[in-house]
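Spelled out from the first residue to the last, the chains are:
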Amino acid sequence: MTTRTTTGTTVTTTATAAAAPRGARFLRVAVALQTLTIFLQAVSAGVLLSSSHGELLHGVGARVMYGASMLYVLAAVLAWRPGGGSPRPIAYASGFLVLASAQVVLGIAHVPSVHVPLGVLMFGLSVLVLARQNTGTAGGRGLSGGSGPERS
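Bear in mind that the values here come from a model prediction, so they are computed numbers and not experimental data. (Residues numbered from 1 in each chain as written. Predicted model: local features only at pLDDT ≥ 70, side-chain atom pairs only at ≥ 80, totals over all residues. Heavy atoms only, no water.)

Draft legend 1. Molecular detail of the overall build of the chain. Scanning the chain from N- to C-terminus turns up 4 helices and 2 strands. When the helices and strands of the chain are read in sequence order from the N terminus, they spell out β-β-α-α-α-α. The buried share of the chain, reckoned over its 152 residues, is 29%. Residue pairs in contact within the chain that sit at least 24 positions apart in sequence constitute 56% of those at least 6 positions apart. (Helix = DSSP H or I, 4+ residues; strand = E, 2+ residues; numbered from the N terminus. Buried < 20%, exposed > 50% of the residue type's maximum accessible area, 1.4 Å probe, protein only. Contact = heavy atoms within 4.5 Å.)

Draft legend 2. Quick peek at the nonpolar core. Ranked by size, the top nonpolar core spans 13 residues in total, and within it Leu27, Val31, Tyr72, Ala76, Ala93 and Val129 carry the most contacts. Of all the elements in the fold, those that place two or more residues in this core are α1 (15–50), α2 (54–80), α3 (88–108) and α4 (112–135). In terms of residue count, α2 provides more of this core than any other element does, 5 residues in total. Beyond its immediate chain neighbours, meaning those up to four positions away, Leu27 contacts Tyr72, Ala75, Ala76, Ala79, Pro89 and Gln133. If you look at the next biggest cluster of nonpolar residues, it comprises 6 residues, including Met65, Ala100, Leu106 and Leu118. (Core = buried A, V, L, I, M, F, W, Y, C linked by side-chain atoms within 4.5 Å.)

Draft legend 3. The arrangement of the environment of Pro82 in detail. You can see Pro82 is positioned in the loop between α2 and α3. Residue Pro82 is classed as partly exposed on the basis of its relative accessible area of 36%. Considering only alpha carbons, one finds Pro82 and Gly23, 59 residues apart in sequence, at a separation of 8.0 Å.

Draft legend 4. A look at a nonpolar patch on the surface. Together, Leu33, Leu36, Phe39, Leu40 and Val43 give the surface a local cluster of nonpolar side chains, amounting to about 430 Å² of exposed area. Mapped onto the fold, Leu33 is located in helix α1. (Patch = residues over 30% accessible without salt bridge, like charges linked within 9 Å, V, L, I, M, F, W, Y side chains within 5 Å. Areas by Shrake-Rupley, 256 points an atom, 1.4 Å probe, with all protein chains shown as cover. Salt bridge = Lys/Arg side-chain N within 4 Å of Asp/Glu carboxyl O.)

Draft legend 5. Local environment of the side chain of Ser69. Position of Ser69 relative to the elements: it lies in helix α2. With a relative accessible area of 0%, Ser69 lands in the buried category. Looking at Ser69, its side chain comes within polar contact range of the side chain of Gln34, at 3.3 Å. Residues contacting Ser69, with those up to four places away along its chain left out, are Gln34, Phe96, Leu97 and Ala100. (Polar contact = N/O pair within 3.5 Å; in protein donor to acceptor, adjacent residues only side chain to side chain.)

Draft legend 6. Quick peek at the confidence of the model for the chain. In the predicted model, the chain carries a mean pLDDT of 81, and 75% of its residues have values of at least 70. Taking the mean pLDDT of every element in the chain, the minimum, 49, falls on strand β2 (residues 9–13) and the maximum, 95, on α3. A low-confidence stretch, residues 139–152 (pLDDT under 50), is modelled with 16 contacts involving residues beyond four sequence positions or located in other chains. (pLDDT = per-residue confidence, 0-100.)

Draft legend 7. Geometry of the packing of α2 against α3. Contact geometry of α2 with α3 gives a least axis separation of 8 Å together with a crossing angle of 165°. Put simply, α2 runs roughly antiparallel to α3. As α2 packs across α3, the resulting crossing turns out to be left-handed. Residues Met65, Tyr66, Ser69, Met70, Tyr72, Val73, Ala76, Val77 and Trp80 of α2 pack against Pro89, Ile90, Tyr92, Ala93, Ser94, Phe96, Leu97, Ala100, Ser101 and Val104 of α3. Taken together, the residues of the contact of α2 with α3 sort by class into 16 nonpolar, 3 polar and no charged. (Axes fitted to C-alpha atoms, helices over the stretch in contact; angles between N-to-C directions. Parallel < 35°, antiparallel > 145°, perpendicular 65-115°, else oblique. Left-handed = near helix turned anticlockwise from the far one by under 90°. Nonpolar A, V, L, I, M, F, W, Y, C, P; charged D, E, K, R; others polar.)

Draft legend 8. How the structure looks around the packing of aromatic side chains. Taken as a whole and assessed by the stated rule, the structure comprises 2 aromatic pairs. Where Tyr72 meets Phe96, the ring centres are 5.8 Å apart and the plane angle is 55°; that geometry is what we call tilted. Of this pair, Tyr72 sits in helix α2 while Phe96 sits in helix α3, and the two are 24 residues apart along the sequence. For Tyr72, a relative accessible area of 1% puts it in the buried group. A residue is classified by how much of its surface remains accessible, and Phe96, at 5% relative accessible area, is buried. (Phe/Tyr/Trp six-rings, centres within 6.5 Å; stacked < 30°, edge-to-face > 60°.)

In structure tokens form, the structure reads like this:
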């Protein structure tokens, strides 16, 4: 921790202040990766319907998508704890991991009547979270859970 005084104002800098932008950046990358993998799953589902190679592609994509969902949880925890952000993204990430788990189970059980709409829902939610992160708003509050830049 370093402290300096400038014209009567004391400024304190800590390592966690530097970790916040990195944590937020990692969180954005994780959500973008998750969104991309869910989109590629929709593409591979189309290939599955029209080609014999689609099943392998969709199966591999499911594992990658599940891994991306786990990475999102890790990124949310890292953005929260050392970065000083809000714990709210952890709830979102955990919810996505639950949905991804349900997707895998429904896919293995061959229940397309639920598997396909759930995939569409997951893609829409993931795009929504990604858009909110890139605009810096989540319910009017910013994804870090703070009230935004302080105004004097």
